[in-house]
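Results of the structural survey
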Amino acid sequence: AFGVIADIQFADAEDGHDFGGCRRRYYRHSLRLLREAVRAWADESPPIDFVLQLGDSIDGQNARRGEAESALQQVLAVLGELSVPVHHAWGNHELYNFSRARLVQTGLYSRPAGGSDGPPDRECHAYHCSLAPRLRLVVLDTYDVSTLGTDPGSSRYQESLRVLREKNPNDDLNSPAGLKEPYFVAFNGGFSQAQLDWFNEVLKFSDENQEKVIVMGHVPIHPYASNGVCLAWNYEAALSVVHSHRCVVCVLAGHLHDGAYCLDSHGVHHLTLEGVIETPPESNAFGTVYVYEDKMVLKGRGRIPDRVMHF
C-alpha cells in the first residue's frame, strides 16, 4: 500500500485565485490538509510502504516573498513525520522557486545517491527503484526539457526555448490562446531523448523480469488524462515508450488540479490526481493505493474518488 498526493502548493499567504481569476486557492490551509493526510497514512492498517508526492509541493509566490526555503522546510517537516520513504516529482512550482542545481541539494531530490538508477545527467530528476518483489517505480522528470529553473545562458535553456517558440508565437509563453497544440506553454515541459532512452531500457528490464511498473511524473502524458493544456510537450514520445512494453500498469500525475482518469488503448491506467491547493479546508485530496496481484485499488479522501484499476 502507498499514499498519493499532488499539488500541495503551500505558501504562508491568504487565499487567492488561479491565473484565470476564477478558482480559489487555499495556500495556508494546504499545509493543514497535508498534516491530515500524514496522520491518516500513519494510522493505515496494514501500514503503507511509501508515499508518492506528485509535485508542486510549494507555491511559486514563495520565491517573490523570499520564503521558498522556509515553505519547503515546513512541507518536508510534515512529510518527515512519516516512517516510510517519500518519492518526489518535480513540478513547475518547484522550478519557480529553485534552480535545478539547488533542487538537487534539497529534500525534494529523492533520486538515490550514486549508482545508475537514473539518466547520466544528475540534474535530471528521473530514477527507478524496486518497491516490492516484481513491482517497480519509475519517476519521470517532465521538465527535463524546460525553460524553468535553468540558467538562460545554458544550452538546456536555449534548446528548450527553441522547442517552445517553434510551437508558441504568443508574447505570453504561458498562454495557450490560438495554439494548434495548446500544451506548448512554459508551465509544461518535456523529455530529453536521453531520458526517453533510459526509460526504454528500464521498461525492457522490467519486461524481462516480469515486473509490474508504476510510472509517476508531475505532468500527464495522455491527452485523455488531461484537459488538453496540462500535458507534456512530447507526451507522444513518452507514450510510445510505455506502449512498446508490457510492464506498465499505471501512470500517476498531478498538475491538473481538477484531476482526470483514462484507461488507454493498451490497457494502461492514467490517473491524474486532484490538487490539494484548490481543495476547501473542510475537505481534502489524497489517497491510499492498495496493490494486489491483478489490480490496484485507490481509496480516495475528500475530492478524490475511489477507483479500481485492473491489470
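Quick summary incoming for the structure in this document.

Calculation notes
- Residues numbered from 1 in each chain as written.
- Predicted model: local features only at pLDDT ≥ 70, side-chain atom pairs only at ≥ 80, totals over all residues.
- Heavy atoms only, no water.
- Salt bridge = Lys/Arg side-chain N within 4 Å of Asp/Glu carboxyl O.
- Helix = DSSP H or I, 4+ residues; strand = E, 2+ residues; numbered from the N terminus.
- Buried < 20%, exposed > 50% of the residue type's maximum accessible area, 1.4 Å probe, protein only.
- Pairing = 2+ DSSP bridges.
- Axes fitted to C-alpha atoms, helices over the stretch in contact; angles between N-to-C directions.
- Contact = heavy atoms within 4.5 Å.
- Expected span 1.5 Å × (residues − 1).
- Arc of directions from axis to C-beta.
- Polar contact = N/O pair within 3.5 Å; in protein donor to acceptor, adjacent residues only side chain to side chain.
- Right-handed = clockwise from strand over helix to strand, strands pointing away.

Some points on the pattern of salt bridges
Scanning all chains against the criterion turns up 20 salt bridges. The shortest N-O distance in the salt bridge between Arg 28 and Asp 12 comes to 2.6 Å. On the criterion of sequence distance, the pair formed by Arg 28 in the loop between strand E3 (24–25) and helix H1 (29–42) and Asp 12 in the loop between strand E1 (2–5) and strand E2 (16–17) is long-range, its members being 16 residues apart. In this structure Arg 28 comes out as partly exposed when scored by relative accessible area, which is 36%. Relative accessible area serves as the criterion here: at 36%, Asp 12 is assigned to the partly exposed category. For Glu 36, the salt bridge identified is with Arg 32, shortest N-O distance 2.8 Å. On the criterion of helical spacing, the pair formed by Glu 36 and Arg 32 is a turn pair, its members being four residues apart in helix H1.

What about the sheet that holds strand E8 (residues 212–216)?
With mixed pairing, six strands are arranged side by side in an open sheet as E6-E7-E8-E9-E11-E10. On the outer flanks of this sheet lie strand E6 (127–132) and strand E10 (260–263), each paired with one strand and no other. Taking the axes of each pair of neighbouring strands and ignoring which way they run, one obtains an average angle of 15° across the sheet. The sheet contacts of helix H7 (residues 193–208) involve E6, strand E7 (135–139), E8 and strand E9 (248–253), and relative to E7 the element is tilted by about 175°.

Remarks on H1
Between its first and last C-alpha, H1 extends 20 Å over 14 residues, near the 20 Å set by a 1.5 Å rise per residue. Taken together, the buried positions of H1 are occupied by Ser 30, Leu 31, Leu 33, Leu 34, Ala 37, Val 38, Ala 40 and Trp 41. Contacts made by the buried residues of H1 are with E1, strand E4 (50–53), helix H3 (68–79), strand E12 (285–291) and strand E13 (295–302).

A short note on the sheet that holds E13
With respect to topology, six strands assemble into an open sheet ordered E5-E4-E1-E12-E13-E14, the strand pairing being mixed. With one partner strand each, in any of the chains shown, strand E5 (86–88) and strand E14 (307–310) form the two edges of the open sheet. Strand after strand, the sheet turns through a mean of 20° between neighbouring axes, direction not considered. Bridging between E12 and E13 involves seven bridges; their strand directions are antiparallel. Within E13, the position partnered with Ala 285 by the bridge is Gly 302. The sheet strands contacting H1 are E1, E4, E12 and E13, and the helix crosses E12 at an angle near 25°.

Notes on H3
End to end, H3 covers 17 Å across twelve residues, agreeing with the expected 16 Å (1.5 Å per residue, within 8%). The complete set of buried residues in H3 reads Ala 68, Ala 71, Leu 72, Val 75, Leu 76, Val 78 and Leu 79. Seen end-on, H3 carries its buried residues on one side only, within an arc spanning 160°.

Observations concerning the side chain of Glu 211
Along the polypeptide, Glu 211 turns up in the loop between H7 and E8. Residue class for Glu 211 comes out buried when judged on its relative accessible area of 10%. Here Arg 136 takes part through its side chain, which lies 2.8 Å from a polar atom of the side chain of Glu 211. Polar side-chain contacts of Glu 211 include one of 2.7 Å to the side chain of Ser 206. The residues touching Glu 211, leaving out its near neighbours within four places in the chain, are Arg 134, Arg 136, Phe 205, Ser 206 and Cys 247.

Description of the pairing of E8
When you tally the buried positions in E8, you get four out of five residues, the bulk of the element. Judged from the five bridges that link them, E7 and E8 form a sheet pairing that is parallel. Considered in E8, the bridge of Arg 136 is made with Val 213. For the segment spanning E8, helix H8 (residues 235–243) and E9, crossover handedness is right-handed.

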